[in-house]
Amino acid sequence: MKGAQPTFSTPDLSHIKSADYEHVYEPAEDSFLMLDALESEYAFLNQLQPSICVEVGSGSGVCITFLAQCLGPSAFYMCTDLNPAAARLSQATGRQNNVLVQPVTCDLTSALEHRLKGQIDVLLFNPPYVVTPSSEVGSRGIEASWAGGEKGREVTDRFLPSVSHLLSSKDEIEDMMMTAGFQMTVVNTRKAGREHLSVLKFTRVT
Ligand SMILES: C[S@@+](CC[C@H](N)C(=O)[O-])C[C@H]1O[C@@H](n2cnc3c(N)ncnc32)[C@H](O)[C@@H]1O
């Protein structure tokens, strides 16, 4: 049916043993909420035609693998985690679901910042958000899954300032026009050989 929203299945996690979840975050309500959001944003993500997608704090790899299943092999999928067991498991989850996920063990995006500056098209993060003493934040074990420190925001607050220089600048024109008081809508896009063509509509909002 023309224009129908495709549906996607939750990645196969049958390779993960219950003992693995003693070391790595087991997908829970928050993970599944992220999958639902990715599915409902599918049209937007697909139209973006991303080249590089990154998940920070990938845990079991369920979210980045789902994204790779939704968008297919034309993009490169990477993930980071402070917990080395999570980075390894994320790669295994990709493999289990026939998608390639490149893991990096590092704090937030620290290992990517030079090479991928301004090149990441899709950046996901389901951060630890439980209020805990600050001293519990930043472990390389399972505690890193939930320990959010003061107000549950310590990890998120360190992550957010890096977003603007990591993300690709496809919306530079939009930023420029928003500053000038216009809203931008992408009316139509088409891939023509190596070119991505778009018709952009600007409407004055202020
Ligand atoms: C709530 S879990 C989410 C896991 C997975 N994305 C999901 O949705 O099921 C948060 C993840 O972030 C990782 N993490 C916490 N602090 C981090 C940091 N500073 N840098 C990278 N990863 C971090 C944890 O190890 C954990 O895997």
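Not measured: the values here are computed from a predicted model.

A. Seen up close, the side chain of asparagine 97. Looking at the secondary structure, you find asparagine 97 in the loop between α4 (84–96) and β3 (101–105). Of the polar contacts made by the side chain of asparagine 97, one reaches the side chain of glutamine 69; its length is 3.4 Å. Only 2.8 Å separates the side chain of asparagine 97 from the backbone oxygen of threonine 93, close enough to count as a polar contact. Other than its neighbours up to four places away in sequence, asparagine 97 contacts Pro11, Asp12, Thr65 and Gln69.

B. Examining the pairing of strand β4 (residues 122–125) more closely. Neither face of β4 is open: one carries Val122 and Leu124, the other Leu123 and Phe125, and all of them are buried. Relative to β4, strand β1 (residues 52–56) is paired through four bridges, and the arrangement is parallel. Bridging across to β4, valine 54 finds its partner in leucine 123.

C. Fine view of the UniProt feature "domain: Methyltransferase small" (unreviewed entry) in the chain. According to UniProt, the positions carrying the feature "domain: Methyltransferase small" (unreviewed entry) are residues 52–133. Structurally, residues 52–133 comprises 28% helix and 24% strand, and the distance from its first C-alpha atom to its last is 35 Å.

D. View of the environment of serine 145. Summarising the element assignment, serine 145 is placed in the loop between β4 and α5 (154–166). If near-sequence neighbours (up to four positions away) are discounted, serine 145 is found in contact with Tyr25 and Pro128.

E. Representation of the packing of helix α1 (residues 29–40) against helix α3 (residues 62–71). Axis separation between α1 and α3 bottoms out at 10 Å; the angle between their running directions is 20°. Classified by the angle between their axes, α1 and α3 sit roughly parallel to one another. For α1 against α3, the interelement crossing comes out right-handed. Touching Ser31, Met34, Leu35, Leu38 and Glu39 of α1 are Val62, Cys63, Phe66 and Leu67, all from α3. The residue inventory of the contact of α1 with α3, partitioned by class, reads seven nonpolar, one polar and one charged.

F. Quick peek at the pattern of salt bridges. Applying the stated criterion across every chain, the model contains two salt bridges. We note a salt bridge from arginine 153 to aspartate 157, for which the minimum N-O separation is 2.9 Å. The class for arginine 153 is partly exposed, based on a relative accessible area of 42%.

Definitions and cut-offs
- Residues numbered from 1 in each chain as written.
- Predicted model: local features only at pLDDT ≥ 70, side-chain atom pairs only at ≥ 80, totals over all residues.
- Heavy atoms only, no water.
- Helix = DSSP H or I, 4+ residues; strand = E, 2+ residues; numbered from the N terminus.
- Polar contact = N/O pair within 3.5 Å; in protein donor to acceptor, adjacent residues only side chain to side chain.
- Contact = heavy atoms within 4.5 Å.
- Buried < 20%, exposed > 50% of the residue type's maximum accessible area, 1.4 Å probe, protein only.
- Pairing = 2+ DSSP bridges.
- UniProt positions renumbered as here; feature names shortened; annotations may be inferred.
- Axes fitted to C-alpha atoms, helices over the stretch in contact; angles between N-to-C directions.
- Parallel < 35°, antiparallel > 145°, perpendicular 65-115°, else oblique.
- Left-handed = near helix turned anticlockwise from the far one by under 90°.
- Nonpolar A, V, L, I, M, F, W, Y, C, P; charged D, E, K, R; others polar.
- Salt bridge = Lys/Arg side-chain N within 4 Å of Asp/Glu carboxyl O.

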